[in-house]
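Survey of secondary and tertiary structure
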Amino acid sequence: MAGPLDGLVAVVTGGASGLGAAIASRLRRDGARVVAFDVNPDAATDVDLAVAVDVTDDASVIAGVERVAAELGGIDIVVNNAGIGAQGDVTVNSDEEWHRVWDINVVGMARVMRAALPHLRRSSAAAVCNTSSIAATAGLPQRVLYSATKGAVLSMTKAMAADHLGEGIRVNAVNPGTADTPWIGRLLGAADDPAAERAALEARQPHGRLVAPEEVADAVAYLVGPHARSTTGIGLAVDGGMQELRLRPA
Ligand code: NAD
């Protein structure tokens, strides 16, 4: 059966785990050939190619992009999803932590875009989706550094959408709420009572549960696919209503 992304090549950063893995799998199901860029490429399962790329290392990003273009014939879709978390109020994170998290979550995206743009320009179906977060807009407590990076991702999404509109390259973002990924599993696992912590976390979501990674993948598939061909510069919330209803964790 024909898929909406048949014949297209997609790169998903952070594609070996969590949201990235679900996105990779979903884009494959829609017909794309999918490449995961990840510091842990061996963990990638449902992909056509997994490449060891560290988004903080420009040479590794360039080499990864050129390898994809050479082996798969081009790049049509980029999902900038690699990212890490940080907790605390403004007094908590050191300058070093600020630079490290910013380098992955924000500058990493710029590195991938710089390398991929020449290839996206040659595509007739070019689309980019960046993983921002509810943290970009919700004012989440104890997430100053993380929120700053995700706000930057959303702002970059809009600026890049404007810059590349005339070239036919759409740039959108997804803003997931708390999603049930290994990252959240690690956070819960560090709690005294992980089951109670999970229940409390679920109760703080507007719809009473964590977002499934597949739900975020569905949104990404829409944004990079042909049904969204008139949509660029948006941040699509996948959060049970937290962003649009101005609901906040209790
Ligand atoms: P995860 O830890 O399960 O997966 C992240 C992946 O990124 C891993 O495979 C990791 O190896 C890779 N990665 C980390 N640093 C990298 C680097 N320097 N270069 C290349 N790859 C790197 O996390 P997740 O929960 O799936 O999060 C993915 C994205 O979604 C992140 O950008 C995160 O900020 C965002 N997000 C997550 C949630 C959530 O609740 N899980 C909510 C909103 C946004």
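No experiment lies behind these values; they were computed from the predicted model shown. (Residues numbered from 1 in each chain as written. Predicted model: local features only at pLDDT ≥ 70, side-chain atom pairs only at ≥ 80, totals over all residues.)

**Focus on the sheet that holds strand β7 (residues 235-238)**
We count it as follows: Here, strands pair whenever DSSP counts at least two bridges between them. Only DSSP runs of H or I reaching four residues or more are called helices, and only runs of E reaching two or more are called strands; each is numbered from the N terminus. Helix axes use the C-alpha atoms of the stretch in contact, all axes being lines fitted to C-alpha atoms, and the angles between their N-to-C directions lie in the range 0 to 180 degrees.
Spatial strand order, β3-β2-β1-β4-β5-β6-β7: seven strands in an open sheet with parallel pairing. Of all the strands in the sheet, just β3 (49-52) and β7 have a single pairing partner and so form its edges. Adjacent strand axes in the sheet meet at a mean angle of 20 degrees when their direction is disregarded. Judged from the four bridges that link them, strand β4 (residues 77-80) and strand β5 (residues 127-131) form a sheet pairing that is parallel. If you follow N80 over to β5, its bridge partner there is N130.

**Concerning the packing of helix α3 (residues 95-121) against helix α4 (residues 144-164)**
The condition is simple: Geometric relationships in this document are graded by angle, where less than 35 degrees denotes roughly parallel, more than 145 denotes roughly antiparallel, 65 to 115 denotes roughly perpendicular, and other angles denote oblique. Working rule for handedness: look at the near helix, and if it is turned counterclockwise from the far one by less than a right angle, call the crossing left-handed; if clockwise, right-handed. With C-beta atoms placed from the backbone, a contact is any residue pair whose C-beta atoms sit within 7 Å.
At a minimum axis separation of 9 Å, α3 and α4 run at an interaxial angle of 20 degrees. On the basis of their axis angle, the class for α3 and α4 is roughly parallel. Crossing of α3 against α4: the hand is right-handed. On α4, the residues that touch E97, W98, V101, W102, N105, V106, M109 and M113 of α3 are L145, Y146, T149, A152, V153, M156 and M160.

**Let's talk about the nonpolar core**
How we decide: A set of buried residues drawn from Ala, Val, Leu, Ile, Met, Phe, Trp, Tyr and Cys, joined through C-beta atoms within 7 Å, is what defines a nonpolar core. Partly exposed residues are those whose C-beta has more than 12 but fewer than 20 other C-beta atoms within 10 Å; 20 or more makes a residue buried and 12 or fewer makes it exposed, with C-beta atoms placed from the backbone.
Ranked by internal contacts, the top residues of the largest apolar core, which has 73 residues, are A10, V11, A116, V216 and V220. Once residues within four sequence positions are removed from consideration, V216 is found in contact with L19, A22, V174, P176, A179, V211 and V238.

**Some words on unusual backbone geometry**
At Q142, a residue that is not glycine, the phi angle is positive and equals roughly 60 degrees. Looking at the secondary structure, you find Q142 in the loop between β5 and α4.

**Quick notes on the environment of T149**
In this fold, T149 is placed in helix α4. Assessed through the 27 C-beta atoms surrounding it within 10 Å, T149 is described here as buried. C-alpha separation for the pair T149 and V107, spaced 42 residues apart in sequence, amounts to 9.5 Å. Beyond its immediate stretch of four places on either side in the chain, T149 contacts V101, W102, N105 and V106.

**Notes on the pairing of strand β6 (residues 170-176)**
Of all seven residues in β6, seven are buried; the element is thus mostly enclosed. By the alternation rule, side chains of β6 split into R170, N172, V174 and P176 and V171, A173 and N175, which are all buried. The pairing of β5 with β6 spans five bridges and is classified as parallel. Within the sheet, the bridge partner assigned to T131 lies in β6 and is V174.

**As for the UniProt feature "domain: Ketoreductase" (unreviewed entry) in the protein**
Let me state the cut-off plainly: UniProt positions are given in the numbering used here, feature names are shortened, and annotations may be inferred rather than shown by experiment.
The feature "domain: Ketoreductase" (unreviewed entry), as annotated in UniProt, sits at residues 8-186 in this numbering. Helix and strand shares over residues 8-186 are 45% and 17% respectively, and the end C-alpha atoms of the span are 34 Å apart.

**A short note on the site of the ligand**
We count it as follows: In this analysis a residue is considered near a molecule or strand if the C-beta atom, reconstructed from its backbone, is found within 6 Å of that molecule or strand. For this scheme, ten residues count as nonpolar: Ala, Val, Leu, Ile, Met, Phe, Trp, Tyr, Cys and Pro. Four count as charged, namely Asp, Glu, Lys and Arg, and the remainder, Gly too, count as polar.
Not every one of the 30 residues close to the ligand is listed here, only the nearest: G14, S17, G18, G83 and T181. At the level of elements, α1 (18-29), β2 (33-38), α3 and α5 (182-189) are the ones that each hand at least two residues to the shell around the ligand. A breakdown of the residues in the shell around the ligand according to their chemical character gives 14 nonpolar, 14 polar and two charged.

**A closer look at the environment of R143**
Its place among the elements puts R143 in the loop between β5 and α4. R143 sits 54 residues away from D89 along the chain, and the two C-alpha atoms are 6.3 Å apart. When residues no more than four places from it in sequence are discounted, the contact partners of R143 are Q87 and A135.

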